[in-house]
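Letter by letter, the chains look like this.
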Amino acid sequence: IWLIIFVFIPSILVWIFNWRYLIKYKKTLIFITLGAVVWGLIFDLVLCVWQGAWFYTNHLNFTFLGLPLEEYLIMLFLPQQVASWFLLMRKHYGKI
């Protein structure tokens, strides 16, 4: 539920109302998302899960390589959401 309320719904609303502007930055959003996924996988898998620094609770009962599905969804959607917000702030307020 946390992902739906704080990640998916805001992302969908941002894209519904601003898709014409955000689509101009498609390459930027893809680059940021891929970078976040690579960094997240390295950090979460190698440094935390495999080294035993912490563990994840699994609410959806699906894991891959020791990470729950929720963690992969966060790695995919949260970076594009934050990048979209910054691009929109740049549009409305000028360079940040």
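Structure's up top.
Residues numbered from 1 in each chain as written. Predicted model: local features only at pLDDT ≥ 70, side-chain atom pairs only at ≥ 80, totals over all residues. Heavy atoms only, no water.

**Quick look at the overall build of the chain**
Then comes step 1: A count of helices and strands for the chain gives three helices and two strands.
Then comes step 2: Dimensions along the principal axes, computed over C-alpha positions, put the chain at roughly 45 × 25 × 20 Å.
Then comes step 3: When the accessible surface of the chain is summed, it comes to about 7,000 Å², and 75% of that surface belongs to carbon and sulfur atoms. (Helix = DSSP H or I, 4+ residues; strand = E, 2+ residues; numbered from the N terminus. Areas by Shrake-Rupley, 256 points an atom, 1.4 Å probe, with all protein chains shown as cover.)

**Observations regarding the packing of helix α2 (residues 26–49) against helix α3 (residues 69–93)**
Then comes step 1: Here α2 crosses α3 at 140°, and the two axes come no closer than 9 Å. If you check the angle between α2 and α3, you find them oblique. Note that α2 runs across α3; the crossing there is right-handed. Across from Leu29, Ile32, Thr33, Ala36, Val37, Gly40, Leu41 and Asp44 in α2, the residues of α3 making contact are Glu71, Tyr72, Met75, Leu76, Pro79, Gln80, Ala83, Ser84 and Leu87.
Then comes step 2: A class-by-class count of the residues in the contact of α2 with α3 yields eleven nonpolar, four polar and two charged. (Axes fitted to C-alpha atoms, helices over the stretch in contact; angles between N-to-C directions. Parallel < 35°, antiparallel > 145°, perpendicular 65-115°, else oblique. Left-handed = near helix turned anticlockwise from the far one by under 90°. Contact = heavy atoms within 4.5 Å. Nonpolar A, V, L, I, M, F, W, Y, C, P; charged D, E, K, R; others polar.)

**Overview of the packing of helix α1 (residues 2–22) against α3**
Then comes step 1: It is at 9 Å that the axes of α1 and α3 come closest, and there the two elements cross at 40°. When the axes of α1 and α3 are compared, the pair comes out oblique. In this structure, α1 meets α3 at a crossing whose hand is left-handed. Across from Trp2, Leu3, Phe6, Val7, Phe8, Pro10, Ser11, Val14, Trp15, Asn18, Tyr21 and Leu22 in α1, the residues of α3 making contact are Glu70, Leu73, Ile74, Phe77, Leu78, Gln80, Gln81, Ser84, Trp85, Leu87, Leu88 and Lys91.
Then comes step 2: Here the residues of the contact of α1 with α3 sort into 17 nonpolar, five polar and two charged.

**Looking at the nonpolar core**
Then comes step 1: Core analysis: the biggest nonpolar cluster contains seven residues, these being Val14, Tyr21, Leu22, Leu29, Ala83, Leu87 and Leu88.
Then comes step 2: Elements supplying a minimum of two residues to this core: α1 and α3.
Then comes step 3: When neighbours within four sequence positions are excluded, leucine 88 is seen to be in contact with Val14, Asn18, Tyr21 and Leu22.
Then comes step 4: Within the second largest apolar cluster, five residues are counted, among which are Val37, Leu45, Leu67 and Tyr72. (Core = buried A, V, L, I, M, F, W, Y, C linked by side-chain atoms within 4.5 Å. Buried < 20%, exposed > 50% of the residue type's maximum accessible area, 1.4 Å probe, protein only.)

**What about the environment of leucine 76?**
Then comes step 1: Within the secondary structure, leucine 76 is located in helix α3.
Then comes step 2: Sequence-wise, leucine 76 and glycine 35 are 41 residues apart; in three dimensions their C-alpha atoms are separated by 10.0 Å.
Then comes step 3: Leave out the neighbours within four places in its chain, and leucine 76 touches Thr33 and Val37.

**Things to note about the environment of asparagine 18**
Then comes step 1: Structurally, asparagine 18 is set in helix α1.
Then comes step 2: Separated by 35 residues in sequence, asparagine 18 and alanine 53 place their C-alpha atoms 40 Å apart.

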